[in-house]
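For reference, the chains in residue letters:
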Amino acid sequence: MESRGKRVSAFAVFKAKRDATPRKASSSRGTASEGSVRKPHASTPIAGILRQGQGQLRKLRNSARAKKVRKNVKQSPESVKSRERLQSMDVDGDEATSSGISSMRSSHQGLADVRGKDSLQKKRKSPYVTTPDKSRRKMSTRQHQQTEPSAKRLKFHEEEEASKESAPSTSQVADKSLTRDSLQHGRDVFAWLISPVKVDDFFKNLFERKPLFLKRHNPGYFREIFTSEELHNILRDNDLQFTRNLDVTTYADGKRETHNPVGRAHPQVVWDYYKNGCSVRLLNPQSYSTRVWQLLAALQEFFGCFVGANIYMTPPGSQGFAPHYDDIEAFVLQLEGKKHWKLYNQRSSAEVLPRFSSANFTDADIGTPILDTTLEAGDLLYFPRGVIHQANTPSETHSLHITVSACQKHSWGDLMEMLLGQALDTAREEDVEFRKSLPTEYLNYMGVAHADLDDSRRTSFKKKIGDLFSRLLKHAPIDAAVDQMSTEFMHTSLPPVLENAEESCSIYGTDTSCKNGSISGFAQLQEDTPIRLLRRNILRLIPRDEKVLVYHSVENSRVFKEKEPQYFEIPAEAAPAVEHLLHSYPDYIPVSNLPLMPSDTDDVDTDQVDLAQLLFEKGLVVTKYKLKPSSSSSLGSREDVAIHQSL
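How each quantity is defined
- Residues numbered from 1 in each chain as written.
- Predicted model: local features only at pLDDT ≥ 70, side-chain atom pairs only at ≥ 80, totals over all residues.
- Heavy atoms only, no water.
- Helix = DSSP H or I, 4+ residues; strand = E, 2+ residues; numbered from the N terminus.
- Buried < 20%, exposed > 50% of the residue type's maximum accessible area, 1.4 Å probe, protein only.
- Contact = heavy atoms within 4.5 Å.
- Areas by Shrake-Rupley, 256 points an atom, 1.4 Å probe, with all protein chains shown as cover.
- Core = buried A, V, L, I, M, F, W, Y, C linked by side-chain atoms within 4.5 Å.
- Pairing = 2+ DSSP bridges.
- Axes fitted to C-alpha atoms, helices over the stretch in contact; angles between N-to-C directions.
- Parallel < 35°, antiparallel > 145°, perpendicular 65-115°, else oblique.
- Left-handed = near helix turned anticlockwise from the far one by under 90°.
- Nonpolar A, V, L, I, M, F, W, Y, C, P; charged D, E, K, R; others polar.
- Salt bridge = Lys/Arg side-chain N within 4 Å of Asp/Glu carboxyl O.
- Phe/Tyr/Trp six-rings, centres within 6.5 Å; stacked < 30°, edge-to-face > 60°.

S.K.: Quick question: what am I supposed to make of the overall build of the protein chain here?
M.R.: Looking only at helices and strands, one finds 15 helices and 23 strands in the protein chain. The burial tally for the protein chain puts 49% of its 647 residues in the buried class. Partitioning the contacts of the protein chain with sequence separation of at least 6, the portion at a separation of at least 24 is 82%. When the accessible area of the protein chain is evaluated, it comes to approximately 31700 Å², of which 50% is carbon and sulfur surface.

What follows is the structure, given as structure tokens:
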């Protein structure tokens, strides 16, 4: 059956190119042995990634269209539909920021100050307000240890009703979490975070440009995120270690000191430091607080990069840190009490959007502040990386705030660093100009010692370098470099927080049990079972040599990079089916509509149901309705799907 007029899978193009290209002998870099998957090198996680040749794409697509597909594979009519762009959605009640943003006086360059009205803030409800899940999976807080990769599931409280869809059985689960787009949900959470500023206005006028101060006059705005009582409970119930998980610091008389002892941070020890004027910093609170985890997991879907956080609790009349700048976009959410902040412009253009944080400054180093204000509970302060800042508490109250961070080493320069290395490897392999020898005697006219030399050979040498850079662009595997960035994102991402309905319709909600050696309640997908990915950014397809690896974040730990990158291998013939799930999201598609490529060998025969069952059991897909349990424990032909999992 020809797929005339239909979108051709990138992996079909990859397979067509592979089949049409003569096999090369192994290079000095080495290849994995047959039937095994070599774990990607740490510095090049996707070494050997697919390189798509320039000018060959049309020919390859035509070749792929001409391939015959097995008769038992049903092509999805939805595969020919173009995907609609996500529309920007702001919560009702927001007002345009053109009238709400006022510039500070001219000496306060680069600062926006928005003061929200009480009536406006009452209209907006937190999109992630939560209550503990009452299901059988409920876990005691005291049992939660730092290294635990999963936690109790939460249920969102939405103002609007979940959509009601007719189901062929009573196993239907109606919940908005089963239909919403995780990218749009992340945008909604961010919109709530910076309200009343519009998301589009923020990225157009403020992001990476100037600070933003939101005065809300609403102490309860961030109440659901974190409290000082929760900080105490975390100290009591978890084996937190000084330095690794928590710091106690002071800044006085121009000197910053860290007072961390060795060992566990018991509450009595921590609060004794606090009582004596030390600021307490909890690192990576998402490892212990489910609400913080939920907030960051939603924001990472929107930003497309790791989103982290630290909690700071400071006693009255004290300061914990010296003036400095950071390498992250900082969103300061004041949770309790008050804190007095001072922001300063970058000292030079080299400190605008820096890649690394600074050392500690003194007041003599940083000049006059561009912002001098006090945050109260419910207020928000944003400032770009590179903006120097310091903060202290007034004498009459303590301060508790959370700093949400984003975009660390997430720049064009970081992408180009990956891109140029891969482009150079390809250029040296495919273009003889990059393999020609350097000119004789070039050491006699090139180099710093010869920089002022008036020699025509220097001009020719520089022109040759310019020509090679131009040729290098033709070999730049841009998509491959983006995929390499994405594998780092998969490694650092928090695992998703499942809501009740999502849990019921996923592997986590199955009722499989064993009694007297008899297995019951096995959840088996069928050809007509509608499925979709758990989140838009839950996985990445990475072609490597003649294999296809599925990198994912669903089994990550809440502790930053506690686990190695999570991935498994699927047959190349199954890659278009996963690609189809990516492009179909957030819609559900029947299992029978998953497109597969024909196998080159008779001993590998990937089945749609087997592949879908694998993705379901890996926790990567959810079904539209809760599956009816089967009394049979048979897995059918599932063993035919060759899987190689990361260690």
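S.K.: Explain the nonpolar core here, please?
M.R.: Soluble, globular proteins show a tendency: their nonpolar side chains are buried together. Core analysis: the largest hydrophobic core is formed by 57 residues, its most contacted members being Phe190, Phe202, Ile225, Phe226, Leu246 and Phe303. At nine residues, helix 8 (residues 290-303) tops the list of elements feeding residues into this core.

S.K.: What is the right way to look at the pairing of strand 17 (residues 530-533) in this model?
M.R.: Where a strand is regular, its side chains alternate between the two sheet faces. In this structure, strand 17 lies alongside strand 21 (residues 589-590), joined through two bridges in antiparallel fashion. The residue of strand 21 that forms the bridge with Ile531 is Ile589. As paired strands, strand 17 and strand 22 (residues 621-623) are joined by three bridges and run antiparallel to one another. Opposite Arg532, over in strand 22, you have Val622 as the bridge partner.

S.K.: Sorry, what's going on with the packing of helix 4 (residues 182-194) against helix 8 here?
M.R.: Axis angle and axis distance: for two packed helices, these are the angle between their axes and the distance between the axes, and together they describe the pair. In the contact formed by helix 4 and helix 8, the axes pass within 7 Å of each other and the chain directions differ by 110°. With respect to helix 8, the axis of helix 4 lies roughly perpendicular. The element helix 4 and its partner helix 8 pack so that their crossing is left-handed. Of the residues in helix 8, those touching helix 4 at Ser182, Leu183, His185, Gly186, Arg187, Val189, Phe190 and Leu193 are Leu295, Ala298, Leu299, Glu301, Phe302 and Phe303. For the contact of helix 4 with helix 8, the per-class residue count stands at nine nonpolar, three polar and two charged.

S.K.: Can you help me understand the sheet that holds strand 17 in this one?
M.R.: Two modes of strand pairing occur in sheets, parallel and antiparallel, and in both the strands are linked by backbone hydrogen bonds. Spatially, 21-17-22 is the arrangement adopted by the three strands of the open sheet, whose pairing is antiparallel. Two strands close off the open sheet at either side, each with one partner strand: strand 21 and strand 22. Packing against the sheet, helix 14 (residues 575-584) makes contact with strand 17, strand 21 and strand 22, and its axis sits at approximately 80° to strand 17.

S.K.: What is the right way to look at the pattern of salt bridges in this model?
M.R.: Pairing between side chains of opposite charge can happen when the charged atoms of each approach one another. Following the criterion strictly, the structure yields 26 salt bridges and no others. For Glu230, the salt bridge identified is with Arg291, shortest N-O distance 2.5 Å. One end of the pair, Glu230, is in helix 6 (residues 228-237); the other, Arg291, is in helix 8, with 61 residues separating them in the sequence. By relative accessible area, Glu230 is classed as buried at 14%. Taking the shortest distance from any N to any O, the salt bridge between Arg428 and Asp425 comes out at 3.0 Å.

S.K.: Whenever I open this one, the packing of aromatic side chains confuses me. Can you help?
M.R.: Here a ring pair, both rings aromatic, is described through the centre-centre distance and the interplanar angle of the planes. By the definition in use, this model includes 27 aromatic pairs. When the ring of Phe190 is compared with that of Phe331, the centres are 5.7 Å apart and the planes differ by 90°; the resulting orientation is edge-to-face. Of the two residues, Phe190 is situated in helix 4 and Phe331 in strand 10 (residues 329-344); the sequence distance between them amounts to 141 residues. Centre to centre, the rings of Trp271 and Tyr274 are 5.7 Å apart; their planes meet at 85°, and the pair counts as edge-to-face.

S.K.: Would you take a moment to explain unusual backbone geometry for this structure?
M.R.: The general pattern is negative phi for most residues beyond glycine and trans for most peptide bonds. Here the residue pair Ser195 and Pro196 is connected by a cis peptide bond, since its omega of 10° sits within 30 degrees of zero. You can see Pro196 is positioned in the loop between helix 4 and helix 5 (199-205). Cis peptide bonds are those with omega within 30 degrees of zero, and the linkage from Tyr585 to Pro586 qualifies with 10°. By the secondary structure assignment, Pro586 is in the loop between helix 14 and strand 21. One non-glycine residue, Thr243, lies in the positive phi region at around 80°.

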